[in-house]
Amino acid sequence: MYNGEFFECFGIIYDSREQGKVDHDLIDVLFIIVSASFCKIDEVDEIYEWATIEQNITWMKNYIALRNGIPSVSTIRRILNMVDPKQFEKCFVSWISKLTVFSKDGGDTVAIDGKSMRGSKDGDKMTHIVSAWCSANNLVLGQVKTDDKSNEITAIPELLDLLYLEGCVVTIDSMGCQKKIVEKIRKKKADYVIILKGNQETLHEEVKAYFEDLQKDGELEKIENEESENEKVKMVETLEKGHGRIELRKYYYSTDTDWMMDAKKKWVDLTGIGMVYRKVTEKGNVTEEIQHYIGSVNNVGQFAKSVREHWGIESVHWSLDVTFKDDANLTRKDVAPQNLAVAKRIALNMVRNEKELFPKKVRIKKG
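Basis of the calculations
Residues numbered from 1 in each chain as written. Predicted model: local features only at pLDDT ≥ 70, side-chain atom pairs only at ≥ 80, totals over all residues. Heavy atoms only, no water. Core = buried A, V, L, I, M, F, W, Y, C linked by side-chain atoms within 4.5 Å. Buried < 20%, exposed > 50% of the residue type's maximum accessible area, 1.4 Å probe, protein only. Helix = DSSP H or I, 4+ residues; strand = E, 2+ residues; numbered from the N terminus. Contact = heavy atoms within 4.5 Å. Axes fitted to C-alpha atoms, helices over the stretch in contact; angles between N-to-C directions. Parallel < 35°, antiparallel > 145°, perpendicular 65-115°, else oblique. Polar contact = N/O pair within 3.5 Å; in protein donor to acceptor, adjacent residues only side chain to side chain. Patch = residues over 30% accessible without salt bridge, like charges linked within 9 Å, V, L, I, M, F, W, Y side chains within 5 Å. Areas by Shrake-Rupley, 256 points an atom, 1.4 Å probe, with all protein chains shown as cover. Salt bridge = Lys/Arg side-chain N within 4 Å of Asp/Glu carboxyl O. Lys, Arg positive; Asp, Glu negative; His and termini not counted. Charge placed at Lys NZ, Arg CZ, Asp CG, Glu CD.

## What about the nonpolar core?
Point 1. Counting residues in each nonpolar core, the largest one holds 91 residues, and the members touching the most others are Phe10, Met60, Trp95, Ile294 and Ile346.
Point 2. Among the elements that line this core, the one with the most residues is helix α2 (residues 26-38), at nine residues.
Point 3. The residues touching Met60, leaving out its near neighbours within four places in the chain, are Phe31, Ile32, Trp50, Ala51, Leu66 and Ile70.

## As for the packing of α2 against helix α3 (residues 44-51)
Point 1. Between α2 and α3, whose axes approach to 10 Å, the crossing angle comes to 95°. Here α3 runs roughly perpendicular to α2, going by the angle between their axes. Judged by residue contacts, Ile32, Ile33, Ser35 and Ala36 of α2 engage Ile47, Trp50 and Ala51 from α3.

## Let's talk about helix α12 (residues 300-310)
Point 1. Of all the residues in α12, the buried ones are Val300, Gln302, Phe303, Ala304, Ser306, Val307 and His310.
Point 2. A distance of 3.1 Å separates the backbone nitrogen of Gly301 from a side-chain oxygen at the start of α12, and that oxygen is part of Asn299.

## Things to note about a negative patch on the surface
Point 1. Taken together, Glu201, Glu205, Glu212, Asp213 and Asp217 make up a surface patch of like negative charges.
Point 2. Counting through the fold element by element, Glu205 comes out in helix α9 (residues 201-216).

## Observations concerning the pattern of salt bridges
Pairs can form between side chains of opposite charge once their charged atoms are near each other.
Point 1. The final tally for this structure, using the stated rule, is 19 salt bridges.
Point 2. Between Asp25 and Arg67 there is a salt bridge whose closest N-O contact spans 3.0 Å. One end of the pair, Asp25, is in the loop between α1 (4-10) and α2; the other, Arg67, is in the loop between α4 (54-60) and α5 (73-82), and 42 residues separate them in sequence.
Point 3. With a closest N to O distance of 3.3 Å, Glu224 and Lys250 form a salt bridge. Of the two residues, Glu224 is situated in helix α10 (residues 219-224) and Lys250 in strand β7 (residues 245-254); the sequence distance between them amounts to 26 residues.
Point 4. According to the relative accessible area criterion, Glu224 is partly exposed, its value standing at 28%.
Point 5. The exposure class assigned to Lys250 is buried, which follows from its relative accessible area of 15%.
Point 6. Each member of the salt-bridge network shares a partner with another, and the members are Arg245, Glu247, Arg249, Arg278, Glu282 and Glu289.

Structure (C-alpha cells):
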C-alpha cells in the first residue's frame, strides 16, 4: 500500500516550521491525513479521532515513527494550511508517474475536466479543481486549483505542464477548446479530441453545417450502410443495454479538412472533425443528443475510443462525491481545501491501484 515511493515523493515537501520546536515530522502528519482520507474521513477533528484509535496507531507504526505520539487537532489543521499546495500537487504527479504505464502503441486517453468542491464555498469563493485522468490505468494523473470554473482556461495549460503525455490523446470539454491549449498539447507530443460548442461559434457552425450537408445528401446513411465511396468519412456504432436502458451511439469522423484552410492555420495539427449522435431509450422515454468535435487523430476508431473513454472522469467525480463525500466537506480556509483535494486523489488512486487494501481491522466506516 505505502511503499518507499510514497515517502520518497512526498518526503521532499518543504517544512517551514522552526525545526527546534517541531514535535511531529511533516511526512508523519501527511501520512495520517492521507490514511484518514482513504477511510473517507476529511474533517480535521475526525482525522484526529481516527488517528487516536489504538488499532490504527498500531497499523501506522508499521510505516511512520510517531516519535511524539499523535499530533493534535491544531497541528493537523496547521499542516493543512502550511503545506504549499503547488508543491504537494507536483509531488502527487511525481508519485503517480511511477504507477502509470502507458500503452506501447499509444492512444491512451487522458481526460481533463474540472470539479467544484461545493462544501468549500465561502461567500462568493469556492475551490475548483481541474484534474487529469488516465483511462488505461484508471488513475488520476494530476490536478491544479482554479479560483472558479471560468479559470479552467488558464488552469489547463498549467496542468498539462505537469504531465507526461507523449503518445496519449488528451480529451477536454468545450471550455478547453482554445488554440493555446491545443498548441500546448501538441508540444507535449500528444493528440487531442475536444468538444466544440458556442465559445468557438464560427468553427462550431462550420463543422455542424458539414455534417448536416452530408445528411441532406444521404451520405451519412450510405456511410452507415458501408455503401459510401467517401474514404475520408467513417462511422463506428455502439449499442449498450442494461437496467432497462438502451444507449445507441454513432461516431462519425472526417479527415476531409482541406476546405478548412483558415481553421487549420489557427488550430495546430487539426486533422479531423467529428460528430457523435447519442440516443437513449429508458422507461419509454427517448432522448437524443448531437455533439461536434475537432481532433488531431487520424481515424474514427481512435476518435470513438477517446470520446467514449473521456466520460470515465465522471466516475472519478462520482467517487469523490459519493465515496469520499467531497461536496459535504466544510473545510474552507486558506489552502486546506486544496491540500485535502490532493489527499483524496492520493487515496482514490490507492483504492484503484492496489489489489490488497488496508486490513479490515484498520478500516472504519463513517456514517
